[in-house]
Amino acid sequence: MSDIILEARNLTKSFGGFVAVNDVNLRIERGSIHAIIGPNGAGKTTMFNLLTKFHTPTSGSIRFNDTDITNRKPAEIANMGIVRSFQISAVFPHLTALENVRLALQRGLGVSYHFWRSQKMLSDLDAQAVARLDQVGLKSYAHTRAVELPYGRKRALEIATTLGLEPELMLLDEPTQGMGTEDVGAVTELISRVREGRTIVMVEHNLGVVAELADTITVLARGEVLAEGPYSEVSRNPQVMEAYMGVSAEEQEEEA
Ligand SMILES: Nc1ncnc2c1ncn2[C@@H]1O[C@H](COP(=O)(O)OP(=O)(O)OP(=O)(O)O)[C@@H](O)[C@H]1O
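Residues numbered from 1 in each chain as written. Predicted model: local features only at pLDDT ≥ 70, side-chain atom pairs only at ≥ 80, totals over all residues.

**Comments concerning the site of the ligand**
Moving on, step 1. Taken together, Phe15, Phe18, Ala20, Gly38, Asn40, Gly41, Ala42, Gly43, Lys44, Thr45 and Thr46 make up all the residues around the ligand.
Moving on, step 2. Those elements that place two or more of their residues in the shell around the ligand are strand S2 (18-29) and helix H1 (44-51).
Moving on, step 3. Element by element, the count of residues in the shell around the ligand is highest for H1, at three residues.
Moving on, step 4. Broken down by class, the residue content of the shell around the ligand amounts to four nonpolar, six polar and one charged. (Near = placed C-beta within 6 Å. Helix = DSSP H or I, 4+ residues; strand = E, 2+ residues; numbered from the N terminus. Nonpolar A, V, L, I, M, F, W, Y, C, P; charged D, E, K, R; others polar.)

**Focus: the sheet that holds strand S3 (residues 33-37)**
To summarise the sheet geometry, strands pair through backbone hydrogen bonds and adopt either a parallel or an antiparallel arrangement.
Moving on, step 1. In space, the six strands of this open sheet follow the order S6-S7-S8-S3-S9-S10, with mixed pairing throughout. Of all the strands in the sheet, just strand S6 (82-84) and strand S10 (224-229) have a single pairing partner and so form its edges. Direction aside, the axes of adjacent strands within the sheet are offset by 15 degrees on average.
Moving on, step 2. Bridging between S3 and strand S9 (residues 216-221) involves four bridges; their strand directions are parallel. Bridged to His34 within S9 is Thr216.
Moving on, step 3. The sheet contacts of H1 involve S3, strand S7 (169-173), strand S8 (199-203) and S9, and relative to S8 the element is tilted by about 145 degrees.
Moving on, step 4. Against the sheet, helix H10 (residues 238-245) touches S9 and S10, its axis set at about 125 degrees to S10. (Pairing = 2+ DSSP bridges. Axes fitted to C-alpha atoms, helices over the stretch in contact; angles between N-to-C directions. Contact = placed C-beta atoms within 7 Å.)

**Things to note about the packing of helix H6 (residues 151-163) against helix H7 (residues 181-194)**
Moving on, step 1. Direction vectors running N to C along H6 and H7 enclose 15 degrees, while the axes themselves pass 9 Å from each other. Taken together, H6 and H7 sit at an angle that is classed as roughly parallel. Between H6 and H7 the crossing geometry is right-handed. For the pair formed by H6 and H7, the contact residues are Tyr151, Gly152, Arg155, Ala156, Ile159 and Leu163 on the first element and Asp183, Ala186, Val187, Leu190 and Val194 on the second.
Moving on, step 2. Here the residues of the contact of H6 with H7 sort into eight nonpolar, one polar and two charged. (Parallel < 35°, antiparallel > 145°, perpendicular 65-115°, else oblique. Left-handed = near helix turned anticlockwise from the far one by under 90°.)

**Topic: the pairing of S3**
Within a regular beta strand, the side chains point alternately toward one face of the sheet and then the other, so they alternate between its two faces.
Moving on, step 1. Counted residue by residue, S3 has five buried out of five residues, so it is predominantly covered.
Moving on, step 2. By the alternation rule, side chains of S3 split into Ile33, Ala35 and Ile37 and His34 and Ile36, which are all buried.
Moving on, step 3. The sheet contact formed by S3 and S8 spans four bridges and is parallel. Following the sheet pairing, Ile33 is matched in S8 by Ile200. (Buried ≥ 20, exposed ≤ 12 C-beta atoms within 10 Å, placed from the backbone.)

**Focus: the sheet that holds S2**
Moving on, step 1. Taken in spatial order, the four strands make up an open sheet running S2-S1-S4-S5, and their pairing is antiparallel. Edge strands, defined here as strands with exactly one partner in the open sheet, are S2 and strand S5 (67-68).
Moving on, step 2. Relative to S2, strand S1 (residues 4-15) is paired through eight bridges, and the arrangement is antiparallel. The residue of S2 that forms the bridge with Ala8 is Leu26.

**Observations concerning the environment of Thr58**
Moving on, step 1. With respect to the helices, strands and loops of the structure, Thr58 is situated in the loop between H1 and strand S4 (59-64).
Moving on, step 2. Between the C-alpha atoms of Thr58 and Val194, which are 136 residues apart in sequence, the distance is 34 Å.
Moving on, step 3. Discounting chain neighbours no more than four positions away, the residues touching Thr58 are Thr12, Lys13 and Ser14.

Spelled out as structure tokens, the structure:
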């Protein structure tokens, strides 16, 4: 198998006459954490929706494990091992943390009537759900209803339900969005804990999180790739600084 798990070739998405993603090439290395960053309106969400098949590209193609998935549906790619983090609203608020993870596990297995007749299968599933909760530090919250969990713990639960599907490739849409410093630290630690054996692509605004987690960063600006590389490189790239700060490198030097 190739070292590239996911590849976008010349990906373009237009909305009416507006080009939100313009001829983007992206190669995600197997086993890596790859972050997509960029200023507001850069095209990150559109790119994320293209990669997870929530948008159909205007042109270009996407390959996963050397198979063309450009015309596949989200459910089809989920079965192939690409799982997108669920929105918080997709966590059922009135079910307990354990019940939420168990549901995700059921979904991963496909529900069958006969399956549910086996009590042993049910208790096996419970054991797996507890293991997933433990992995994300939620074991002691197993019987707490999702609605009662603090915000950061809800995100952890969301990641646990995603893990329930055993994804080979996990796509996280702003995993630390709206969090206070403490929760950001906890989720960062959580992602680094669950990365083993899988590849993670994340759109993330928090550059501290990106610096800590990402092996490779793709910087988008105005729908195009502005720079790519490890944090140490892209953070020093004058074009990236300009895109973020809205001032040119010369101006920054003048100000210094
Ligand atoms: N459905 C749509 N119809 C029309 N224009 C859209 C649509 N979705 C996105 N756009 C436009 O495409 C551009 C890129 O948007 P996108 O949400 O992908 O950027 P982003 O980098 O995720 O921004 P942010 O950081 O603010 O979330 C924006 O100018 C946006 O207005």
